[in-house]
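Examination of the molecular architecture
Now for the letters of each chain:
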Amino acid sequence: MDLSQNVKAVQEKIAAAARAAGRDPAEITLCAATKVQTDETIQAAIAAGVRLCGENRVQELTAHLEANAYVGADVHFIGHLQTNKVKQVVGRVSLIHSVDSLRLLQAIDAQADKLGLVQDILLEVNAAGEESKGGVSIEELPALAEAACSCAHVRLRGLMTIPPVSAFPGANRKYFSQIQNLFVDIMSKMSDNQSIMDCLSMGMSADFEDAIAEGATLVRVGTALFGPRPPLGTAH
């Protein structure tokens, strides 16, 4: 695996997808999904031009932070977050992508209050209503967005979604389009929040070009950068 070539190839595909959609490539941020990667691989990715890492697991996030693996890049938390692990994440990442319940939202707000800071978040939407995935339902999204905007120590930056595993190219465009429409609708109803609601996190290795075509501003890419994930437990 030539990581630097992979980073360049993904960056070029992002730029091409943006131009094909009539968008400025600078509008789209590449988030390297570093799940089960080693400290050394993360540092190599940053040396190759990655400027944002996304971590799925609290334990890995904590270990990589302690090892200074993310030096030179920003860090987001992109995985499922349990309320009992909020203390290990709030204030240590610049953005949490996966807020999907009032309970989790309130726990983040309370911890941010204790630390005297404002935590940026995204609301995760379960676009297809899959029982196996996290995310607030489309029907419950407006109420959760309103609750987020009422929290003094949370700043709602946008939405995130993980659609079903794509059966064929283009299969997920309808979900991306739906989330983009929800994003615009919520932003239009939150006059005090319009200037900071700027992040639409959707698209992964198999479908990020379709997500960009439908308005994604951030894509979370792992396999296309790092290759197939090593078995869990081999990262250090």
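Described below are features of the structure shown in this document. (Residues numbered from 1 in each chain as written. Predicted model: local features only at pLDDT ≥ 70, side-chain atom pairs only at ≥ 80, totals over all residues. Heavy atoms only, no water.)

Brief notes about the overall build of the protein
Of regular secondary structure, the protein possesses 8 helices and 8 strands. Scaling as 2.2 N^0.38, a compact globule of 236 residues should have a C-alpha radius of gyration of about 18 Å, and the protein matches this with 17 Å. By its C-alpha atoms, the protein is 45 × 40 × 35 Å across when sized along the principal axes. Sequence separation of at least 24 residues holds for 59% of the intrachain contacts in the protein that already meet a minimum separation of 6. When the accessible surface of the protein is summed, it comes to about 10900 Å², and 50% of that surface belongs to carbon and sulfur atoms. (Helix = DSSP H or I, 4+ residues; strand = E, 2+ residues; numbered from the N terminus. Rg over C-alpha atoms; globule rule 2.2 N^0.38 Å. Contact = heavy atoms within 4.5 Å. Areas by Shrake-Rupley, 256 points an atom, 1.4 Å probe, with all protein chains shown as cover.)

Considering the pairing of strand β8 (residues 218-221)
Residues L218 and R220 of β8 are buried on one face, and the alternating residues V219 and V221, pointing to the opposite face, are buried as well. For strand β1 (residues 29-33) and β8, the ladder comprises 4 bridges, and the chain directions are parallel. If you follow C31 over to β8, its bridge partner there is R220. (Buried < 20%, exposed > 50% of the residue type's maximum accessible area, 1.4 Å probe, protein only. Pairing = 2+ DSSP bridges.)

Considering the pairing of strand β4 (residues 95-99)
Taking burial as the measure, the 5 residues of β4 include 5 buried ones, the bulk of the element. Sheet analysis places strand β3 (residues 74-77) next to β4, joined by 2 bridges and oriented parallel. Pairing of H76 across the sheet is with L95, part of β4. When β4 meets strand β5 (residues 119-125), the two strands line up parallel, connected through 2 bridges. Residue pairing across strands places I96 opposite I121, the latter belonging to β5. Running through helix α4 (residues 102-115), the crossover from β4 to the neighbouring parallel element β5 is right-handed. (Right-handed = clockwise from strand over helix to strand, strands pointing away.)

Let's talk about the nonpolar core
In this structure, I108, I121 and L159 are the most contacted members of the largest nonpolar core, which totals 63 residues. Membership of the second largest hydrophobic core comes to 9 residues, among which are A33, L95, C199 and L218. (Core = buried A, V, L, I, M, F, W, Y, C linked by side-chain atoms within 4.5 Å.)

Here's the deal with the pattern of salt bridges
One pass over the full model with this rule turns up 6 salt bridges. Across the salt bridge formed by E27 and R23, the nearest N and O atoms sit 3.0 Å from each other. On the accessibility criterion, E27 (40% relative accessible area) is partly exposed. Among the residues examined, R23 registers a relative accessible area of 15% and is labelled buried. In this structure, E214 and R173 form a salt bridge, with 2.9 Å as the shortest nitrogen-oxygen distance. (Salt bridge = Lys/Arg side-chain N within 4 Å of Asp/Glu carboxyl O.)

Side note on unusual backbone geometry
In this structure, V36 takes a positive phi of about 60 degrees despite not being glycine. Tracing the backbone shows V36 in the loop between β1 and α2 (39-47). Phi at N68 is positive, roughly 60 degrees, even though this residue is not glycine. Its location among the elements puts N68 in the loop between α3 (58-66) and β3.

A short note on the side chain of T62
Relative to the helices and strands, T62 is located in helix α3. Overall, the relative accessible area of 15% leaves T62 in the buried class. Excluding residues that lie within four positions of it along the chain, T62 makes contacts with Q88 and R92.

Looking at α2
Considered for burial, the residues of α2 that qualify are D39, T41, I42, A45 and I46. Buried residues of α2, seen end-on, are gathered within an arc of 165 degrees and therefore sit on one face of the element. Structurally, α2 contributes buried residues whose contacts are with α1 (3-20), β2 (52-55), α3 and α8 (223-226). Positioned one or two residues after α2, G49 has a phi angle of 120 degrees, which is positive. (Arc of directions from axis to C-beta.)

A word on the environment of P164
Inspection of the secondary structure assignment puts P164 in the loop between β6 (154-161) and α6 (173-189). Residues P164 and S205, spaced 41 residues apart in sequence, show a C-alpha to C-alpha distance of 13 Å. Not counting the four nearest positions on each side in its chain, P164 is found in contact with A128, E130, K133, N172 and Y175.

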